[in-house]
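# Chains, contacts and geometry: an overview
Each chain is listed here by its residues.
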Amino acid sequence: MRTCFCGLWRRMRGEDNKVAFLHTINQVVFANGKLANIWRRTRTFHRRCYASSNTASRKGGDVWQKKALQESDSTLTPLQRALKSGDDFIYGVTPVYAALTVQSRNPIKCLYLQENIDFAKRKDAALLKQIVNMAKKANIPSTTLNKGDLNNLSGQRPHQGIILQAAPLQVEYMEQLAWNELSPDDAAPIWLALDEVLDPQNLGSLLRSACFLGISGVAICDKNSAPLSGTVSKASAGAMELMTIHAVRNMSRFLQNSKRQGWYILGASMEDDTVDIESIHPSVPVILVLGSEGFGLRTNVHNVCDGFVAIERRLSSSCSNAHVASSLIDSLNVGVAGGILMEQLRASRHKLKSA
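If you're wondering where the values come from, they're calculated on a predicted model, not measured in any experiment. (Residues numbered from 1 in each chain as written. Predicted model: local features only at pLDDT ≥ 70, side-chain atom pairs only at ≥ 80, totals over all residues. Heavy atoms only, no water.)

Once that is clear, we can look at the nonpolar core. L192, L194, L203, L266, L288 and L290 are the most contacted members of the largest nonpolar core, which totals 34 residues. Elements that contribute at least two residues to this core include exactly β6 (190-194), α8 (200-213), β7 (217-221), α10 (239-242), β8 (245-248), β9 (264-268), β10 (286-290) and α14 (334-354). Sort the elements by how many residues they give to this core and α8 lands first, with five residues. The residues contacting L290, other than those within four sequence positions of it, are L192, A193, L194, D195, V197, L206, A268, L297, V334, G338 and L341. Judged by nonpolar contacts, the second largest core, of 21 residues, contains C221, F254, I265 and F308. (Core = buried A, V, L, I, M, F, W, Y, C linked by side-chain atoms within 4.5 Å. Buried < 20%, exposed > 50% of the residue type's maximum accessible area, 1.4 Å probe, protein only. Helix = DSSP H or I, 4+ residues; strand = E, 2+ residues; numbered from the N terminus. Contact = heavy atoms within 4.5 Å.)

Here is the structure:
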């Protein structure tokens, strides 16, 4: 009986005929209860057959799609394939030099130089020559491209005629900062935590300041943060290539865990009740937390902070309209504010050594 039903079903053409067939079978089943069990088994068999054929169809479609993609990739130019690779493009003399020096990106695939440009006449000619020699020693292929192609690789940003194609920079994930107490005469470390800083220029500026000012480490959000791209590397003047960047999956939990280890959580916020940086003893380790542009610290991060710090505003005497200036210039760029606060913290800790 099941074989008969299935044979009829396979010979059906068109949805209308199949609907009519099912309707007829239902009437027979309801009229004769003895056929109910046979019909259920037939229906189950059909569903299995349909699922099997549908899976085979999907697999065939996947194979076809993969083959089509391979054929389309073969028609792409080398530049188009590079753009589709998912690699980073580090541009600018200083970032490229930094990346080749530490070689923390693995692999480094290609060095691109602008064609028809006389590097010997540039002030950084010696550094450019050194970069080319470093690439040769590391067996990194190099090629020349026209300025338009280099512009495409750098996202239309100033590349100084040199771009490095390399794998994305890897970060180190962490859940907390541990702390071993020092003697009261030693200055404790300072860390920078960036809560969803989205602008690559700001992120690069903060990394550059942290590297320059001797900040012990930087932690960024794993999500909702500017990616560690070539733009960030250029804005950091190559500091991003030289530093170990740490990532946290949950900023508030990371701060809470570190707080339990003895770290003082200092948030940058426009609060009425702020602490004096110099009141924080230099032997206490500090995590300076900066929020995103325009929004500041998120509520859950704000609630973890032990204290808050703000930069006092002093309007320039050259402002012709102090009232308008006070309403428009009410805060600093997060990259600038972070640099000032990091320097204030660093200076307050080292007063103890010089005293």
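Burial of strand β1 (residues 88-91) is two-sided: the residues D88 and I90 facing one way and the residues F89 and Y91 facing the other way are all buried. Relative to strand β4 (residues 162-166), β1 runs antiparallel, the two sharing four bridges. Bridge assignment links F89 to a residue of β4, and that residue is Q165. (Pairing = 2+ DSSP bridges.)

Ordered in space as β5-β8-β7-β6-β10-β9-β11, the seven strands form an open sheet in which the pairing is parallel. A single partner strand is all that each edge strand has here, and the edge strands are β5 (172-173) and β11 (307-309). Those strands touched by α8 are β6, β7, β8 and β10, and its axis lies near 175° from that of β6. (Axes fitted to C-alpha atoms, helices over the stretch in contact; angles between N-to-C directions.)

An order of β1-β4-β2-β3 is seen for the four strands of this open sheet, with the pairing classed as mixed. The open sheet has two free edges, formed respectively by β1 and β3 (142-145), since each of these has just one partner strand. Across the sheet, the mean angle from the axis of one strand to that of its neighbour is 25°, orientation sign disregarded. In terms of strand pairing, strand β2 (residues 108-114) meets β4 through five bridges, oriented antiparallel. Within the sheet, the bridge partner assigned to L111 lies in β4 and is L164. Contacts between helix α5 (residues 93-102) and the sheet are confined to β1, β2 and β4, with β4 contributing the most and set at about 40° to the helix. The strands that helix α6 (residues 125-137) touches are β2 and β4; relative to β2, the one it contacts most, it runs at about 145°.

Here we come to the packing of α5 against α6. Think of two packed helices as two axes; the pair is described by the angle between the axes and how far apart they sit. Between α5 and α6, the shortest axis-to-axis distance is 10 Å and the interhelical angle comes to 35°. As for how α5 packs across α6, the hand of that crossing is left-handed. For the pair α5 and α6, contact is made by V93, V96, Y97, L100 and T101 and by L127, L128, Q130, I131 and M134, respectively. Of the residues in the contact of α5 with α6, the class split is eight nonpolar, two polar and no charged. (Left-handed = near helix turned anticlockwise from the far one by under 90°. Nonpolar A, V, L, I, M, F, W, Y, C, P; charged D, E, K, R; others polar.)

Right, let's talk about α8 for a bit. Over its 14 residues, α8 extends 20 Å from the first C-alpha to the last, a length consistent with the 20 Å expected when each residue adds 1.5 Å. Taken together, the buried positions of α8 are occupied by N202, L203, G204, L206, L207, S209, A210 and L213. Here α8 starts with a cap whose side-chain oxygen sits 2.9 Å from the backbone nitrogen of Q201, and that cap is D199. (Expected span 1.5 Å × (residues − 1). Polar contact = N/O pair within 3.5 Å; in protein donor to acceptor, adjacent residues only side chain to side chain.)

Moving on, we get to the packing of aromatic side chains. Counted according to the given criterion, the structure contains one aromatic pair. Between the aromatic rings of W179 and W263, the centroid separation amounts to 6.0 Å while the plane-to-plane angle is 65°, which identifies the pairing as edge-to-face. Taken together, the residues span a long stretch of sequence, with W179 in the loop between β5 and β6 and W263 in the loop between α11 (251-260) and β9 at a distance of 84 residues. Overall, W179 belongs to the buried group, its relative accessible area being 16%. Positioned over the ring face of Y173 is R249, at 4.0 Å from the centre of the ring. (Phe/Tyr/Trp six-rings, centres within 6.5 Å; stacked < 30°, edge-to-face > 60°. Lys NZ or Arg CZ within 6 Å of the ring centre and 35° of its normal.)

Counted by the stated rule, this structure contains eight salt bridges. Among the ionic pairs, R298 bridges to E196, the shortest N-O distance being 3.3 Å. Remark: E196 occurs in the loop between β6 and α8 and R298 occurs in the loop between β10 and α12 (299-302); sequence separation between them is 102 residues. Taking relative accessible area as the criterion, R298 reaches 30% and is therefore assigned partly exposed. For K259, the salt bridge goes to D306, with nearest N and O atoms at 3.0 Å. Linking K259 in helix α11 with D306 in the loop between α12 and β11, this pair joins segments that are 47 residues apart in sequence. Ionic contacts of the salt-bridge type, sharing partners, join the residues D88, R105 and E241 into one network. (Salt bridge = Lys/Arg side-chain N within 4 Å of Asp/Glu carboxyl O.)

It is worth spelling out the pairing of β6 at this point. For β6, the buried fraction is high: five of the five residues fall into the buried class. Every second residue of β6 is oriented toward a common face, with I190, L192 and L194 on one face and W191 and A193 on the other, all of them buried. In this structure, β6 lies alongside β10, joined through five bridges in parallel fashion. Of the residues in β10, the one forming a bridge with W191 is I287. Sheet topology places β6 next to β7; four bridges connect them, and they run parallel. Residue pairing across strands places A193 opposite A219, the latter belonging to β7. The β-α-β motif built from β6, the intervening α8 and the parallel element β7 has right-handed crossover chirality. (Right-handed = clockwise from strand over helix to strand, strands pointing away.)

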